Amino acid sequence: MKHETDGGDVPLLQLLTPDGTRVTTRGTKQYRDLAADLTPDRLRAMYHDMVLTRRFDEEATALQRQGELALYAPARGQEAAQVGSAHALRPQDYVFPSYREHGVLQVRGVDPVDRLRFYRGSDHGGWDPNEHNVQMYTVVIGAQALHAVGYAMGMQRDGVVGTGDDAVDAAVVTYFGDGATSQGDVSEALVFASVNNSPVVFFCQNNQWAISVPTSKQTKVPLYRRGEGFGVPGVRVDGNDVLAVYAATTEALQRARRGDGPTFIEAYTYRMGAHTTSDDPTRYRTSEQEELWAGRDPIARLEALLRAEGALDEAFLTDLAADAEVLAERVRTETRKLHPGSATTIFDDVYATPHSIVAEDRAWFESFEAGEPPAGPVSAHTPAHPQGGTR
Amino acid sequence: MTTTAERRETTMPSGTRTLTLAKAINEGLRRALANDPKVLLMGEDIGPLGGVFRVTDGLQEEFGEDRVVDTPLAESGILGTAIGLALRGYRPVCEIQFDGFVFPAFNQITTQLAKLRYRSRGAVGAPVVVRIPYGGGIGAVEHHSESPEALFAHTPGLRIVTPATPQDAYTMIQEAITSPDPVIFFEPKGRYWSKGEVDLDAPVGSATLNAAKVVRAGTDVTLVAYGPTVATALKSAEALEVEGRSAEVVDLRAISPIDTATIVDSVRKTGRCVVIHEAPMYFGAGAEIAARVTEECFYSLEAPVLRVGGFHIPYPVAKLEHDYLPSVDRVLDAVDRAFAH
C-alpha cells in the first residue's frame, strides 16, 4: 500500500539541495526572502550549534555506554530541524520541548551538563525553565503541546501579542514527533490554539520512526495537513535544510507574534540514530534506508554551502574544533559528578506548602537512616503505647 | 482580546447570609476573581449558562470572557492549557462538569500537574484548582454520580479537599485558589442546594486545606465523614443519641493530606471508629484511615475500625442508588457491630 506520507508527490519546502546548493523554485520567494537575513556570520553560528549538538550527542551516547547515563535519546540527523527553528526564536519566546531537542537547548543556552541531569537519573528536570524560556523535557508524548497553548493564552492575556513592538511581541514553539500527532493531546492543542487564535508554532519533527513504528502507521495524510481541519495552516519543510527550516519557522513565529494565530510545521527529517540507547533499529528498518539518509546529512549540507560560498575559513574551523573539544571534555568530566544530593532530598518540593503525609514519611526515613530505634507511629503524635507500630 | 476585562466596579457583599452550598462556592469564586486579576475560570458551559449546576452563575457577565472562559469540550485540553497558563503566572480554576468526565484529564493531572514542582526542584509550580462535582443521590444517569477521590489522593503532589457546608465551601474554594499547590476540589453535588449560614468576611488562610474539624462532640464512637456523608454522619449521631450512644463526628475536609491528629485524638477518647464515604471501600480513603487509626490507637481501640461505603461495583443505576449509598441505617449497623466487640 502506498502512503502519501512517504514523500514523492507531497510538496516539500527546500532552499538548499542535499549537496548544499541554493535552489529557487516556484512559490518559495517569501521563504527565500526570510532566509536572506542569514548573513555568513549567522550561517556560521548555525553551523557551530549543529556541530556542537552532534558532538554533544556523541559524548552523551558514549557516557551511556559507560554506565554514566541511565538513558539517552540521540538527536543525530535532526540538527537542522532543531537548530534552524531555534535560531528563529527571540529571547522572549518560549519553548515547550519533548525530550530530544538537544539542538534547541544548545541554541537557547541551556548548559550541556544540565541537559544530561535528566538522562543521568540525578534530576527529573535539570534546569530552571524560566532562565532560558525553555520548559523541562516532557516524556508523556504530546502532553506539552497543551501546556504550550495554555502558555500562549497567557501571553495573549498579558498583552504581548500583536503590539507591533519587536521587543515585546512573543510566541511559543512546541516540539513533538510524528508519533505524537496520534495523541489526543496534540489534536486538543490544535483545537484550543485555533479557537483562541493563540501565538503557537506546532513544530513536528517527522523523523519517520516512532521508536519502531513508521509514520505510515500513524497517518494516511501527510502530517503538514494535520492542522487543516482545525483551522491551523501547515507547511512541510525539508527538515535537513537549515535554511528552509529557519525560514518556515520565522514566518510562523512572525504570524503568531502578530496575532494571526498558530501554524503547524512538519519538518521532514530522519532519526539517524536509535530512538534511545535502549533501542535496536536493526529489528525494524533497513540499512539501505539509513545509508540513503546518511547521504542527506544536515550538517554536511550546510557545510557544503558554506564552503561553496567561501564562508568557512580555517580560523573558524579551528575555533569550532576547539569549542567542540571543550564541550566534550566538560560533558565527560562534569556529568560523572552529577549527584542528586542526599537521599532525603527525595522529599523536597513535592508540595510548596507543608503536607503532613510527606512530613511524616520524611521524619520516619530520617530516623531510619540515622539508625535510630523504630520510630513508632508514623505521625507526629506521641504514641499511646511505647511499643507503637513498625514499618 | 482585551487585556483587562471590562467590568463594572464591584462591591463585595459582607456580613452573614444564608446561602446554598452552590451559591457559597459562587461567592467564593467571585471574591477570588475580584481579589486577584490572575485568577481565571475555565470549563464547559461555565459562561452564559453559569455551569450545569449554576456554580459560576453571573461570573462571566461580571468579569468578562477572558477571565471566565467557556472552553472547547475537551477535559485534557482544559487541564493541559490550565497548566500552561499557570506556568505563565495565572491561577486557573477548572470546572469538570461531572465526576465521571475527569478521566480524559487524568493524565494531565497525574503525570503533569502533580509533578511540575517536584521535577523542577521548586523552580516552577502549577497552582491549578480543579473543581469536580462528585457523589450520587441526585437520580442521574451513568458517569454523573461517582466518587473518584481516592484515585487522586493516591497521587503525590496534589491536595484533595471537599467541603460539607456552605461556610466551608465559601472559605475552602478561596483557600484552594490561593494555594501554590494544585488542588482537586470535590464538590458534593447532592448537597449543592443545602443551605447554611455563611460569614462572607471569614478569614481566608490555609487551615481548611490541612485540618479536619470535629463538627459534633461525643464520647462513645467516632464517625469520620467528608463531603456528602457528613450530613449522614450527623443524622446518625442524632439517632444514636436517642439510643443513648454518644457519637463524635469528624468532618475530614482534606483527603490529602488526611488530618491524622484530629482523628486519632477523637478515637483515643471514644475507642471506636466508623468511616463513611460514598466511594467504594476497597482501597478507599476509609482503608487509609483504618490503617492509621489502627497503627496509632491500637491500645485505645475497643473494636476494629469499620467502614460504611460503596461496594466494589460500578456506580449502580439511579433507581437503585439509594440501596448503594451509605445510609443512616447502615451507619447505625456499623456502630452496633463496633459495640458488639
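Just so we're clear, the structure is a prediction, and the values are computed from it rather than from any experiment.

Chemist: How should the overall build of chain A be read in this particular structure?
Modeler: Looking only at helices and strands, chain A has 13 helices and 7 strands in total. Relative to the 2.2 N^0.38 estimate, which gives 21 Å for 391 residues, the radius of gyration of chain A is 24 Å and therefore close to what a compact globule would have. With respect to the three principal axes, the spread of C-alpha positions in chain A is 85 × 50 × 50 Å. Expressed as a percentage of the 391 residues in chain A, the buried residues total 56%. Partitioning the contacts of chain A with sequence separation of at least 6, the portion at a separation of at least 24 is 75%. Each charge class in chain A can be summarised by its mean position, and for the 38 positive and 55 negative side chains these summaries are 5 Å apart.

Chemist: Got a minute to help me understand the overall build of chain B in this structure?
Modeler: Scanning chain B from N- to C-terminus turns up 12 helices and 14 strands. Taking 2.2 N^0.38 as the reference for a compact globule, 341 residues should give roughly 20 Å; the C-alpha atoms of chain B span a radius of gyration of 20 Å, in line with that estimate. In chain B, buried positions account for 61% of the 341 residues. Here the analysis covers contacts within chain B between residues at least 6 apart in sequence; of these, 81% occur between residues at least 24 apart. A total accessible area of about 12600 Å² is found for chain B, and carbon and sulfur atoms account for 53% of it. Side-chain charges in chain B split into 33 positive and 43 negative, and the spacing between the mean points of these groups amounts to 4 Å.

Chemist: Before we go on, may I ask you to explain the environment of Ala290(B) in this structure?
Modeler: Examined against the element boundaries, Ala290(B) turns out to sit in helix H10 (residues 285-297). Each C-alpha atom, one on Ala290(B) and one on Phe103(B), is 27 Å from the other, the two residues being 187 residues apart in sequence.

Chemist: Help me understand the pairing of strand E6 (residues 234-238) of chain A in this model?
Modeler: Side chains on a regular strand alternate between the two faces of the sheet. Residue and element names in this part refer to chain A. In terms of burial, E6 is largely enclosed, as 4 of its 5 residues are buried. Inspection of the sheet shows E6 paired to strand E7 (residues 263-268) by 5 bridges, in the parallel sense. Among the inter-strand pairings, Asp-238 is bridged to a residue of E7, identified as Tyr-268. Crossover handedness for the path E6 to helix H9 (residues 242-258) to E7: right-handed.

Chemist: What is the right way to read the UniProt feature "domain: Transketolase-like pyrimidine-binding" (unreviewed entry) in chain B from this model?
Modeler: Look at the UniProt record and you will see "domain: Transketolase-like pyrimidine-binding" (unreviewed entry) annotated at residues 19-194 of chain B. What you have in residues 19-194 of chain B is 35% helix and 17% strand, and the ends, taken at the C-alpha atoms, are 8 Å apart.

Chemist: Even after reading the chapter, I still don't get the packing of helix H1 (residues 21-35) of chain B against helix H7 (residues 166-178) of chain B, so can you show me in this structure?
Modeler: Between two packed helices, the angle of one axis relative to the other and the distance separating the axes together describe the packing. Residue and element names in this part refer to chain B. Where H1 meets H7, the closest approach of the two axes is 8 Å, and the angle between their N-to-C directions is 30 degrees. By the angle class used here, H1 and H7 are roughly parallel. At the point where H1 passes H7, the crossing takes the right-handed sense. Across from Leu-21, Ala-24, Ile-25, Glu-27, Gly-28, Leu-29, Arg-31 and Ala-32 in H1, the residues of H7 making contact are Pro-166, Ala-169, Tyr-170, Ile-173, Gln-174 and Ile-177. When its residues are assigned to classes, the contact of H1 with H7 shows 10 nonpolar, 2 polar and 2 charged.

Chemist: I would appreciate a short explanation of the layout of surface pockets in the present structure.
Modeler: By rolling a water-sized probe across the atoms, one finds the places where empty space is left. Considered as a void within the structure, the largest pocket measures approximately 1400 Å³ in volume. Taken together, 48 residues make up the lining of the largest pocket; nearest its centre are Ala150(B), Leu151(B), Ala153(B), His154(B) and Phe283(B). Listing elements by their share of the lining of the largest pocket, those giving two or more residues are helix H13 (356-369) of chain A together with helix H6 (149-153), strand E12 (254-256), strand E13 (273-280) and H10 of chain B. Here the lining of the largest pocket takes 5 residues from H10(B), the largest share from any one element. Its residues assigned to classes, the lining of the largest pocket comprises 31 nonpolar, 8 polar and 9 charged.

Chemist: What exactly am I supposed to notice about the sheet that holds E13(B) here?
Modeler: Sheets are built from strands that pair by backbone hydrogen bonding, the pairs being arranged parallel or antiparallel. All names here are of chain B. With mixed pairing, 5 strands are arranged side by side in an open sheet as E9-E11-E10-E13-E14. A strand with exactly one partner marks an edge of an open sheet, and here the two such strands are strand E9 (213-216) and strand E14 (306-310). If you compare each strand with its neighbour and ignore which way they point, the axes differ by 25 degrees on average. Bridge analysis of E13 against E14 gives 4 bridges, and the strand direction is parallel.

Chemist: I keep staring at the confidence of the model for chain A and nothing clicks. Help me out?
Modeler: The predicted coordinates of low-pLDDT regions are not to be read in fine detail. All names here are of chain A. For chain A, per-residue confidence averages 93 on the pLDDT scale, and residues scoring 70 or more make up 93% of the total. A low-confidence stretch, residues 1-6 stays under pLDDT 50, and its non-local contacts, those more than four residues away or across chains, total 16 contacts. Ignoring residues within four places in sequence, the model shows residues 379-391, a span with pLDDT below 50, making 26 contacts including any to other chains.

Chemist: What's the story with the interface of chain A and chain B in this structure? I'm lost.
Modeler: Quoted interface sizes are often the accessible area lost when the parts come together. With 58 residues of chain A at the contact, the number on the chain B side is 55 residues. Counting each side, the surface lost to burial between chain A and chain B is near 4600 Å², with a carbon and sulfur contribution of 56%. Inspection of the region where chain A meets chain B yields 4 salt bridges. Put simply, the parts of the chain that give the side of chain A that touches chain B at least two residues each are helix H6 (129-132), helix H7 (143-158), helix H8 (184-196) and H13 of chain A. If you tally residues by element for the side of chain A that touches chain B, the top one is H7(A), at 12 residues. Along the lines of polarity and charge, the residues of the side of chain A that touches chain B split into 26 nonpolar, 22 polar and 10 charged.

Chemist: Would you take a moment to explain helix H2 (residues 40-65) of chain A for this structure?
Modeler: Owing to its 3.6 residues per turn, the α-helix brings residues three or four apart onto one side. Spanning 26 residues, H2(A) covers 37 Å between terminal C-alpha atoms, matching the ideal 38 Å at 1.5 Å per step. Following H2(A) by one or two positions, Gly67(A) has its phi on the positive side, about 85 degrees.

Chemist: When you look at the domain arrangement of chain A in this model, what are you seeing that I'm missing?
Modeler: Here the domain parsing of chain A yields domain 1 (4-337) and domain 2 (342-391). With centres defined by C-alpha atoms, the gap from domain 1 of chain A to domain 2 of chain A works out at 45 Å.

Chemist: Would you take a moment to explain unusual backbone geometry for this structure?
Modeler: With the exception of glycine, most residues fall at negative phi, and the peptide bonds are largely trans. Note the cis peptide between Ser256(B) and Pro257(B), where omega equals 0 degrees. Note on placement: Pro257(B) falls in the loop between E12 and helix H9 (260-270).

Chemist: For this particular structure, what's the right way to read the pattern of salt bridges?
Modeler: A side chain of one charge can pair with a side chain of the opposite charge when the charged atoms of the two come close. Residue and element names in this part refer to chain A. For the structure on display, the rule yields 44 salt bridges over all chains. Notably, a salt bridge pairs Arg-257 with Asp-93, separated by 2.7 Å at the nearest N-O pair. Of this pair, Arg-257 sits in helix H9 while Asp-93 sits in the loop between helix H3 (79-86) and strand E1 (94-96), and the two are 164 residues apart along the sequence. Using a relative accessible area of 5% as the deciding quantity, one classes Arg-257 as buried. The buried category is assigned to Asp-93, whose relative accessible area is 0%.

Chemist: Would you explain the domain arrangement of chain B in this entry?
Modeler: Residue and element names in this part refer to chain B. Once the domains are mapped, chain B shows domain 1 (16-208) and domain 2 (213-340). Relative placement of domain 1 and domain 2: their C-alpha centres are 26 Å apart. Between domain 1 and domain 2, the residue contacts involve 25 residues of the former and 21 residues of the latter. Where domain 1 abuts domain 2, roughly 1800 Å² becomes buried across the two surfaces, and 57% of that area is made up of carbon and sulfur atoms. Looking at the side of domain 1 facing domain 2, the largest losses of area belong to Glu-149, Thr-162 and Ala-164, adding up to 22% of the total buried there. Here domain 1 is connected to domain 2 by 1 salt bridge. A salt bridge links Asp-168 to Arg-253; the nearest nitrogen and oxygen atoms lie 3.1 Å apart. The interface formed by domain 1 and domain 2 includes 10 residue pairs in polar contact (both at pLDDT 80 or more). If you list the elements that add at least two residues to the side of domain 1 that touches domain 2, you get H6, strand E6 (159-161) and H7. Classifying every residue of the side of domain 1 that touches domain 2 gives 12 nonpolar, 8 polar and 5 charged.

Parameters at a glance
- Residue positions within a chain follow its written sequence, with the count starting from 1.
- Labels are handed out in written order, letters beginning with A for the chains and numbers beginning with 1 for the ligands.
- Where local features are concerned, this predicted model is filtered to residues with pLDDT of at least 70; where side-chain atom pairs are given and counted, the filter is 80 or more; whole-chain, interface and lining totals use all residues.
- Water and hydrogen atoms play no part in the side-chain values, which are based on all heavy atoms of the structure.
- Secondary structure follows DSSP: runs of H or I at least 4 residues long count as helices, runs of E at least 2 residues long count as strands, and numbering of each begins at the N terminus.
- Using C-alpha atoms as the atom set, the radius of gyration is obtained and then compared with a globule rule of 2.2 Å times the number of residues to the power 0.38.
- For every residue, the accessible area obtained with a 1.4 Å probe (protein chains only) is divided by the maximum for its type, and the residue is called buried under 20%, exposed over 50%, and partly exposed between those limits.
- Working rule for contacts: check all heavy atoms of both residues, and any pair within 4.5 Å makes them a contact.
- Under the counting rule used here, the positive set is Lys and Arg, the negative set is Asp and Glu, and His together with the chain ends is not counted.
- Here the site of a charge means NZ on Lys, CZ on Arg, CG on Asp, or CD on Glu.
- Computed with the Shrake-Rupley method and a 1.4 Å probe, the accessible areas treat only the protein chains shown as cover for residues.
- When DSSP locates at least two bridges between a pair of strands, those strands are taken to pair.
- Every crossover in which the path from the first strand over the helix to the second runs clockwise, viewed with the strands pointing away from the viewer, is termed right-handed.
- UniProt positions are given in the numbering used here, feature names are shortened, and annotations may be inferred rather than shown by experiment.
- Fitted lines through C-alpha atoms serve as axes, helices being fitted only where they are in contact, and the angles separating the N-to-C directions of these axes extend from 0 to 180 degrees.
- The cut-offs work like this: below 35 degrees is roughly parallel, past 145 is roughly antiparallel, 65 to 115 is roughly perpendicular, and the gaps in between are oblique.
- Left-handed describes a crossing in which the near helix is turned anticlockwise from the far one by less than a right angle; the clockwise case is right-handed.
- The nonpolar class holds Ala, Val, Leu, Ile, Met, Phe, Trp, Tyr, Cys and Pro. Asp, Glu, Lys and Arg form the charged class, and all remaining residues, Gly among them, are polar.
- Two kinds of site are reported from a 1 Å grid over the protein atoms alone, namely cavities, where a 1.4 Å probe fits but cannot get out, and pockets, open sets with protein on both sides within 12 Å along at least five of seven lines, and residues are called lining when an atom falls within 4 Å of a point.
- Grid points are joined across faces, edges and corners, and a volume is the space filled by probe spheres set on the points.
- Note on scores: pLDDT gives the predictor's confidence for each residue, bounded by 0 and 100.
- Using a 1.4 Å probe, buried area is obtained as the accessible area two parts lose upon being combined, added over both of them.
- The term salt bridge refers to a pairing of a side-chain nitrogen on Lys or Arg with a carboxyl oxygen on Asp or Glu at a separation within 4 Å.
- The length a helix should cover is 1.5 Å for every residue beyond the first.
- Marked domain ranges trace back to an automatic or database domain assignment.
- In protein, a polar contact means a hydrogen-donor-capable atom and an acceptor-capable atom, both N or O and within 3.5 Å, with residues adjacent in sequence counting only if both atoms are side-chain atoms; elsewhere, any N or O pair within 3.5 Å suffices.

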